[in-house]
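Structural characterization, general
So the chains spell out like this:
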Amino acid sequence: MTRQQLIGTGFTAASTADDVLEGIDLTGKNAIVTGGHRGLGLEMTRALRKAGAHVTVAVRDPAAVEDPDASQLDLLDPLSIDAFVERYLATGRPLHILINNAGIMAGPLQRDARGYESQFATNHLGHFQLTLGLLPALRAAHGARIVNVTSGGHRLSDIRWGDPQFEEGYDPLLAYGQSKTANVLFAVELERRWSQYGIHAFAVHPGIVITTNLGPHLPVGETRTPWLSLEDHKAMGLVDADGNQILDPSRERKTPQQGASTAVFGATSPLLEGHGGTYLKDNDISPLDLIGSTDFHDPDVRSDVVPHAIDPESATRLWNLSEDLVKH
């Protein structure tokens, strides 16, 4: 029996980060949000701080960010990750919330210094190394949440076990899909391994928020989403005939405030006690999608979780692979 079943939280796809935090006091709690300086991450940071949390914003270039709690982190650079971890652990602060939010999407094939494909390296391996390094602070919280921001795009690809680094046949959307599947599998295995320490993990699909800057290295269309053209947006039902953003939370077209809500919900809500290791969307647990359409441009495609992303054997296998990859 799948654990991926709606629990009826009372929140909806239109709920905002402030809505799900109403009545929750985070005073004295410490959080880290990767990429917490812009887009959905900025809204997560704002909402958590409003509820009383101390939030460290992990950002590649702190000097370019007007945030006194910004700390340098480059998810493509293992040394940068280790340095971030060392700085945080040196503060002696427990870590109650870790939101692995930063990510990139699609674009031409790029590799890090180790030769790893950049989307897999940034979206998954960097966060894997970061999370494992922060384990002492997470354990010290005596009750912590880890949230991996994934995407309905996980349905595009399982882990390519024979060629995860795309040595052959690179496809930018398949590479993105693989990295997002990795985010979900990582949450599944984190729950299995670390729940004994009072640490619980969730994977979160935020919805479609076209005003974020997920793929800044891609050709810019006439809308603010940089990786699709205006005609693509129209065909997907994301903008109207005049190029104006369509907001329809019931069909996942959301504002940043709505898009950030499920990550904040996963990080804080008592309604999720006993439900760790699940994939969330629209401020509830997602049902399992046994059809799993891979048509990324279908305006009506569902983003519920598909079986390959929550397979426990795959989750363990990915953990073991990731451990080996970050050692090199």
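See the structure printed just above.
Being a predicted model, the structure only gives us computed values, none of them experimental.

Below, the discussion takes up the sheet that holds strand E6 (residues 199-205). Overall, mixed pairing links the eight strands, which are arranged E3-E2-E1-E4-E5-E6-E7-E8 in an open sheet. Each edge of the open sheet is held by one strand with a lone partner, namely strand E3 (70-72) and strand E8 (284-285). Strands in contact with helix H9 (residues 261-268) are strand E4 (97-100), strand E5 (144-149), E6, strand E7 (278-281) and E8; relative to E5, the strand with the most contacts, it is inclined by about 155°.

So, about the environment of Glu43. Relative to the helices and strands, Glu43 is located in helix H2 (residues 39-50). Note on Glu43: relative accessible area 8%, which makes it buried. Considered as a pair, Glu43 and Ala260 are 217 residues apart in the sequence and their alpha carbons are 6.2 Å apart. Those residues in contact with Glu43 that lie beyond four places of it in its chain are Ala17, Pro256, Gln257 and Ala260. Side-chain polar atoms of Glu43 contact the side chain of Arg46, separated by 2.7 Å.

A separate point is the packing of aromatic side chains. By convention here, two paired aromatic rings are described through the distance between centres and the angle between planes. Per the counting criterion, the structure on display carries six aromatic pairs. Both rings, one in Phe128 and one in Trp319, keep their centres 5.2 Å apart while their planes meet at 80°; by these two values the pair is edge-to-face. Highlighted residues: Phe128 in helix H4 (residues 118-133) and Trp319 in helix H10 (residues 312-326), separated in sequence by 191 residues. Taken individually, Phe128 and Trp319 each receive the classification buried, so the pair is uniform in this respect. Geometrically, the ring pair formed by Phe166 and Tyr170 is edge-to-face, given 5.6 Å between the ring centres and 80° between the ring planes. Assessed through its relative accessible area of 1%, Phe166 is described here as buried. In this structure Tyr170 comes out as partly exposed when scored by relative accessible area, which is 22%. One aromatic cluster is present, built from ring pairs that chain together Phe128, Phe186, Trp194 and Trp319. Here the guanidinium or amino end of Arg139 rests over the ring plane of Tyr197, the centre of that ring lying 3.9 Å away. For the cation-ring pair, Arg160 lies above Phe166, with the distance from its terminal atom to the ring centre recorded as 3.8 Å.

In contact at an axis separation of 9 Å, helix H3 (residues 78-91) and H4 are set at 25° when each is read in the N-to-C sense. Looking at the two axes, H3 sits roughly parallel to H4. Both H3 and H4 take part in a crossing whose hand is right-handed. Side by side, H3 and H4 meet where Pro78, Ile81, Asp82, Phe84, Val85 and Leu89 of the first sit next to Gly126, Gln129, Leu130 and Gly133 of the second.

Before going further, it helps to examine the pairing of E4. What you see with E4 is no split at all: Ile97 and Ile99 on one side and Leu98 and Asn100 on the other are buried throughout. As judged from the three bridges shared by strand E1 (residues 30-34) and E4, these two strands associate in the parallel manner. Looking at the pairing, Ala31 lines up with Ile97 of E4. Sheet analysis places E4 next to E5, joined by four bridges and oriented parallel. Looking at E5, one finds that Ile99 is bridged to Val147.

Spanning 14 residues, H3 covers 21 Å between terminal C-alpha atoms, matching the ideal 20 Å at 1.5 Å per step. Where H3 is buried, its residues touch E1, strand E2 (54-59), E3, H4 and helix H5 (135-140). Between the side-chain oxygen of the N-cap and the backbone nitrogen of Leu79 there are 3.0 Å, and the N-cap of H3 in question is Asp77. Gly92 lies just past H3 and shows a positive phi near 75°.

Rules used in this analysis
Residues numbered from 1 in each chain as written. Predicted model: local features only at pLDDT ≥ 70, side-chain atom pairs only at ≥ 80, totals over all residues. Heavy atoms only, no water. Pairing = 2+ DSSP bridges. Helix = DSSP H or I, 4+ residues; strand = E, 2+ residues; numbered from the N terminus. Contact = heavy atoms within 4.5 Å. Axes fitted to C-alpha atoms, helices over the stretch in contact; angles between N-to-C directions. Buried < 20%, exposed > 50% of the residue type's maximum accessible area, 1.4 Å probe, protein only. Polar contact = N/O pair within 3.5 Å; in protein donor to acceptor, adjacent residues only side chain to side chain. Phe/Tyr/Trp six-rings, centres within 6.5 Å; stacked < 30°, edge-to-face > 60°. Lys NZ or Arg CZ within 6 Å of the ring centre and 35° of its normal. Parallel < 35°, antiparallel > 145°, perpendicular 65-115°, else oblique. Left-handed = near helix turned anticlockwise from the far one by under 90°. Expected span 1.5 Å × (residues − 1).

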